[in-house]
Amino acid sequence: MSAASPILVTGASGQVGGEIANLLRLRKQSVLAPTSAEMNLASPDAIRSYVQKHQPSWIINAAAYTAVDKAESEVELAEALNAVAPGVLGEEAAALHIPVIHFSTDYVFAGDGTKPWVESDATGPLNTYGRTKLEGEDALAQSGAAYMIFRTSWVYGATGKNFVRTILRVARERESMNIVADQFGAPTWARDLARLALHIVDQAGSNAESAVRNLSGRYHACNGGETTWFGFAEEILRQAAHHEPDVKFATLYPVPTEAYPTPAKRPANSRMDCSLLATKLGFQMPDWRESLAQVISEYDQLRTTGSL
């Protein structure tokens, strides 16, 4: 693929989309990263118009309505962004004979049991966010496009709004914090997902649509290992203490999900088996602790330079 052939990255103002756009630009790749004003993902007509005008060589859809609790009251907007837009992008990609990479979520599952979910397991979303994301997966799969869907979980980075940055901020302000300890999953660094996307682009080569069509499907893509939100928070502060040994962070206390009632029900088991990613696509996600260490270092650099 020529660096002059533009790749359309939706959601480039978000964590995953931003990392993808940045990595592509570092490689001198032409990137289309439209704002919502330039391409309103809630409008199928706007999507079609933008794609037809700019003729990208790939579509990487990292955009989504991710406000899980607000989705219970903003159902129409969540459906437009999560359920309808992926299908429209897929239809336009099929017409241009280009492939689509799309990001989804562990929330498509019911979250019961203790075994890691595999791609063939029955879905059963517990909330509007999960339901609309599943509908988006299905719409893309039925669009006629060559596609890869990557379900991920607990996404974070050194920038943006996420659990890591919240813990690092609030733990400086309080003496104690209560953290949910009965939901299990794998924290996943947005940059690892961006590296996965670029791996797919590189492996597909010049005949991208054909290469992706041969491997089209849904894949699980999370960092290795598992923990709880409480365990995640503990590790965040443990690693942060190496960079700021003089700071007294809050003491953490484990609590059950019931201690924090929310409008949207959360899955208790977000473990996902990512072995298919390695065996079929040749990509191994790093352990979550390794990736977290890099993020904490980046965060510390941003903090010390006043760039946060």
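Going by the structure above, here's the rest.
Below or above, wherever it landed, is the structure these notes cover. This is a predicted model, so every value here is computed, not measured. (Residues numbered from 1 in each chain as written. Predicted model: local features only at pLDDT ≥ 70, side-chain atom pairs only at ≥ 80, totals over all residues. Heavy atoms only, no water.)

Some details on the overall build of the protein
Alright, step 1. A count of helices and strands for the protein gives 10 helices and 12 strands.
Alright, step 2. By the compact-globule yardstick of 19 Å for 308 residues, the protein fits well, its C-alpha radius of gyration being 19 Å.
Alright, step 3. Projected onto its principal axes, the C-alpha positions of the protein cover 55 × 40 × 40 Å.
Alright, step 4. With 308 residues in all, the protein has 51% of them scored as buried.
Alright, step 5. Taking the intrachain contacts of the protein between residues at least 6 apart in sequence as the baseline, contacts between residues at least 24 apart amount to 83%.
Alright, step 6. For the protein, the accessible area works out to roughly 13500 Å², and carbon and sulfur atoms hold 49% of it.
Alright, step 7. Of note, the protein has its 27 positive side-chain charges centred 3 Å away from the centre of its 34 negative side-chain charges. (Helix = DSSP H or I, 4+ residues; strand = E, 2+ residues; numbered from the N terminus. Rg over C-alpha atoms; globule rule 2.2 N^0.38 Å. Buried < 20%, exposed > 50% of the residue type's maximum accessible area, 1.4 Å probe, protein only. Contact = heavy atoms within 4.5 Å. Areas by Shrake-Rupley, 256 points an atom, 1.4 Å probe, with all protein chains shown as cover. Lys, Arg positive; Asp, Glu negative; His and termini not counted. Charge placed at Lys NZ, Arg CZ, Asp CG, Glu CD.)

As for the side chain of Glu-244
Alright, step 1. Its location among the elements puts Glu-244 in the loop between helix H8 (229–243) and strand E12 (251–255).
Alright, step 2. Judged by relative accessible area, which is 11%, Glu-244 ranks as buried.
Alright, step 3. Once residues within four sequence positions are removed from consideration, Glu-244 is found in contact with Arg-172, Phe-249, Asp-300 and Arg-303.

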